[in-house]
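Observations on chain architecture
Okay, here's what each chain looks like letter by letter:
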Protein chains: 2
Amino acid sequence: MKRRDLLRGAGVAAVAGGVAACAPGRDAPGANVRIERHWKLVTAWPTNFPGLGAAAVRLAEAITRASGGRLQVSVHGAGELVPAFEVFDAVSRGVAEMGHSFAYYWQSKLPAAPFFCTVPFGFNAQEMNAWLHEGGGLVLWRELYAPFRVMPFPAGNTGVQLAGWFRAPLPDASALAGLKMRIPGLGGEVLARAGGAPLNLPADRIRQALADGELDAAEWLGPWNDLAFGLHTAAKYCYYPGWQEPGATVEALVNADAWNALPADLQAIVTACCRAENDATLAEFTARNQSALDVLVREHRVELRQLPDDVLMALRRAADSVLENLAGSDPMARRAFDSMRVFAARSRAWHAVSEEAWYAARA
Amino acid sequence: MKRRDLLRGAGVAAVAGGVAACAPGRDAPGANVRIERHWKLVTAWPTNFPGLGAAAVRLAEAITRASGGRLQVSVHGAGELVPAFEVFDAVSRGVAEMGHSFAYYWQSKLPAAPFFCTVPFGFNAQEMNAWLHEGGGLVLWRELYAPFRVMPFPAGNTGVQLAGWFRAPLPDASALAGLKMRIPGLGGEVLARAGGAPLNLPADRIRQALADGELDAAEWLGPWNDLAFGLHTAAKYCYYPGWQEPGATVEALVNADAWNALPADLQAIVTACCRAENDATLAEFTARNQSALDVLVREHRVELRQLPDDVLMALRRAADSVLENLAGSDPMARRAFDSMRVFAARSRAWHAVSEEAWYAARA
């Protein structure tokens, strides 16, 4: 029996373990049965993958616990039910009721998608949350996914990432010419526009390719995950900051039919648990990244270097061009880009006198 | 009938509006009644006060909705049930089951309390969340409140505040001598140590005292709330960044007996809704502050100025001394201060190459 059929049947009976009870909300009137729903959550990462894999499990457990077991969410890692890059389709078709992934994975289908995850030289986590929830971003994102019967919820953020690991120093922008770097997505497009040669290797091949000299450089994520991958054993120079992904939003996806079949209280539980996880993922990345950086610097004597100004300027110019082209290619990408730009102007002005000035003041 | 009696009675019956049903969790076995709990949430701010007052209402509504009405939370603003500064005691005594306030209000009773809200030159919001949830902060905070039968939950953050409004420019640290400034709490202690004359006026008197010259300067919160108070009409110079409160954590307080009487699913709902609100409050402050700053600068031609380096250094030295004294005065304050310092060292190193470098790179 397909999950969707089971879900559709759930409105009728499904009495649980001897307890005759009634869920509040839409199920309540007249009914005297305890309704249990079972949702599958498919992820774009392996089960228990540090950070993102664990976050998916935490989200599923939180919903199950808060619903008192009325909505039981089981987690299925990449490749278990569907491959990593079929999470969106699986939720759209109802093969799974939930997904946990990054929106920019769906760029080939939905050009606007990266704006709802992270774009080169875009928002950091705090700005992204403000834009999504208070600046119209989430409304646009829901509109983008609606034709696919998928509802997105912001459910985490990695924070600012690292720019990557380099075998040789990067003295100035001329060194970008021909640079063979593992960097996927829009970051890769930007590097190409700036003269580099981006490659997208699967995660498990990055370290060796870097060690062998097949790559000159590679970006993965941040100290916590990069340390686990051993990237510091393959390249000596660690550059910052992560211009390519200054704060990637994790998305929780919910199938619209499954959502509409929920009583209001379970909808509120899913909403609250996703938002709670939005807070939790960032806190965990922040704490674990700083612990891992400490290990990289103290134990592994990693050489941390800031990207030279002219490198950042060259990449920034290239990013403006890549994003402008992306916006020009698709009406929703245009709307997302314009919305983000309006918000960004005010955001930069405020953060210049709050967060940014604060970091400078205490340095 | 007192609320506590009502609460104690709630375990027995309380059948709601004709619906015979059963809540899951501890209440479930055998029972065939729908149990409803009514909690009072008392706040340290007026009802519907922009930002913090609205956040308390949003939290109460989220819990009520996610619980399907099994846990109905009503909000009582400052002065309605208890005065603003009696929120902690009210929750401790069970007069109210929940509270919504700032931990630093309880410093006279609990010297360690400010560490769990914000301290001069302390953490910003992202660091505070990482320390509380991943660095041991929340464990210490719960230990601090436990003897009072109160459980704290982080439930919001204001983000970096403004340093305040000044009638005359602040050219250098010598101008701190005798400066009459409305600045309460530890910020006030720091200003006093640096030679200033802090005053703590009630919020509704600040603007007039500043306009009349009774005050030379005043800090309140950030652009959103300061604009609403009209502080820009009383002083021309707006200084940043808010060294005195670089990211104040809002606390949700829960009476321990009320908490223990909850079934596990309702405990999970309260936990998730507080954490969701932790995310929501910061996003709202971020978005509204930047909109308000735009109005202050464009429409009201406010003169924004960064605090001179030597002013910040003088205040920083004074803060070190004030915090060291505070830690020396009380064992729990010592533990909180030490825990924060260990975490801060790694946090500064990581944020220097992530958030801080990011702001610099995109400037």
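As named in an unreviewed UniProt entry, chain A is C4-dicarboxylate ABC transporter, taken from Arenimonas composti TR7-09 = DSM 18010.

Considering the side chain of Asn225 of chain B
Position of Asn225 of chain B among the secondary structure elements: in helix 8 (residues 223-229). Among the residues examined, Asn225 of chain B registers a relative accessible area of 3% and is labelled buried.

Description of the domain arrangement of chain A
Residues and elements named next belong to chain A. According to the domain assignment, chain A consists of domain 1 (3-157 + 250-287) and domain 2 (164-245 + 303-329). Residue-level contacts link 14 residues of domain 1 with 19 residues of domain 2. Taking both sides of the interface into account, the surface hidden between domain 1 and domain 2 amounts to around 1,500 Å²; carbon and sulfur atoms contribute 74%. Counting across the domain 1 and domain 2 interface gives 0 salt bridges. Across the contact surface, domain 1 and domain 2 share 2 residue pairs in polar contact (both at pLDDT 80 or more). Its residues assigned to classes, the side of domain 1 that touches domain 2 shows 10 nonpolar, 3 polar and 1 charged.

Quick word on the pairing of strand 3 (residues 98-102) of chain A
Residue and element names in this part refer to chain A. Of all 5 residues in strand 3, 5 are buried, a share of seventy percent or more. Of the strand pairs in this sheet, strand 1 (residues 37-43) and strand 3 are connected by 3 bridges, and their pairing is parallel. By the bridge assignment, Thr43 is partnered in strand 3 with His100.

A short note on helix 6 (residues 185-193) of chain A
Residues and elements named next belong to chain A. Every buried residue of helix 6 is listed here: Leu186, Gly187, Gly188, Val190 and Leu191. Check the buried side of helix 6 and you find it contacts strand 6 (180-182), strand 7 (197-199) and helix 11 (309-328). Looking one or two residues past helix 6, Gly195 carries a phi angle of roughly 105 degrees, positive in sign.

Regarding the packing of helix 5 (residues 137-145) of chain A against helix 12 (residues 331-353) of chain A
Residue and element names in this part refer to chain A. The contact between helix 5 and helix 12 brings their axes to 10 Å, and the two run at 170 degrees. In terms of orientation, helix 5 and helix 12 fall into the roughly antiparallel class. Between helix 5, through Leu140, Glu143 and Leu144, and helix 12, the contact on the second element is made entirely by Met332, Arg335, Ala336 and Ser339. In the contact of helix 5 with helix 12, the residues fall into 4 nonpolar, 1 polar and 2 charged.

Points about the relation of the copies chain A and chain B
Note on the copies: chain A fits chain B at an RMSD of 0.0 Å, the axial shift is 0.0 Å, and the rotation between them is 180 degrees. Viewed as a symmetry operation, the transformation between the two copies matches a two-fold axis. Every residue of chain A has its C-alpha some distance from the rotation axis, and the shortest such distance is that of Ala276 of chain A, at 2.0 Å. Of the residues that chain A buries at the interface, 99% are likewise interface residues in chain B, meaning the two copies contact each other through the same surface.

Some remarks on the sheet that holds strand 5 (residues 164-166) of chain B
Residues and elements named next belong to chain B. The sheet built from 6 strands is open, its strands ordered 7-6-8-5-9-11 with mixed pairing. Both edges of this open sheet fall to strand 7 (197-199) and strand 11 (303-306), since each of them pairs with a single strand only. With 4 bridges joining them, strand 9 (residues 237-240) and strand 11 adopt parallel strand pairing. Across the sheet, the residue bridging to Tyr240 is Gln306, located in strand 11.

What to know about the interface of chain A and chain B
Of the residues lining the interface, 73 residues belong to chain A; the matching set on chain B comes to 72 residues. Summed over both partners, the interface of chain A with chain B comes to about 6,300 Å²; 61% of that surface belongs to carbon and sulfur atoms. Its largest share of buried area at the contact with chain B, chain A owes to Trp350, Trp358 and Arg362 of chain A, together 13% of the area lost on that side. The interface formed by chain A and chain B holds 4 salt bridges in total. For Glu127 of chain A, the salt bridge is made with Arg362 of chain B, and the minimal N-O distance between the two is 2.6 Å.

What counts and how
Residues numbered from 1 in each chain as written. Chains lettered and ligands numbered in written order. Predicted model: local features only at pLDDT ≥ 70, side-chain atom pairs only at ≥ 80, totals over all residues. Heavy atoms only, no water. Helix = DSSP H or I, 4+ residues; strand = E, 2+ residues; numbered from the N terminus. Buried < 20%, exposed > 50% of the residue type's maximum accessible area, 1.4 Å probe, protein only. Domains from an automatic or database assignment. Contact = heavy atoms within 4.5 Å. Buried area = accessible area lost by both parts, 1.4 Å probe. Salt bridge = Lys/Arg side-chain N within 4 Å of Asp/Glu carboxyl O. Polar contact = N/O pair within 3.5 Å; in protein donor to acceptor, adjacent residues only side chain to side chain. Nonpolar A, V, L, I, M, F, W, Y, C, P; charged D, E, K, R; others polar. Pairing = 2+ DSSP bridges. Axes fitted to C-alpha atoms, helices over the stretch in contact; angles between N-to-C directions. Parallel < 35°, antiparallel > 145°, perpendicular 65-115°, else oblique. Least-squares fit on C-alpha atoms with pLDDT ≥ 70 in both.

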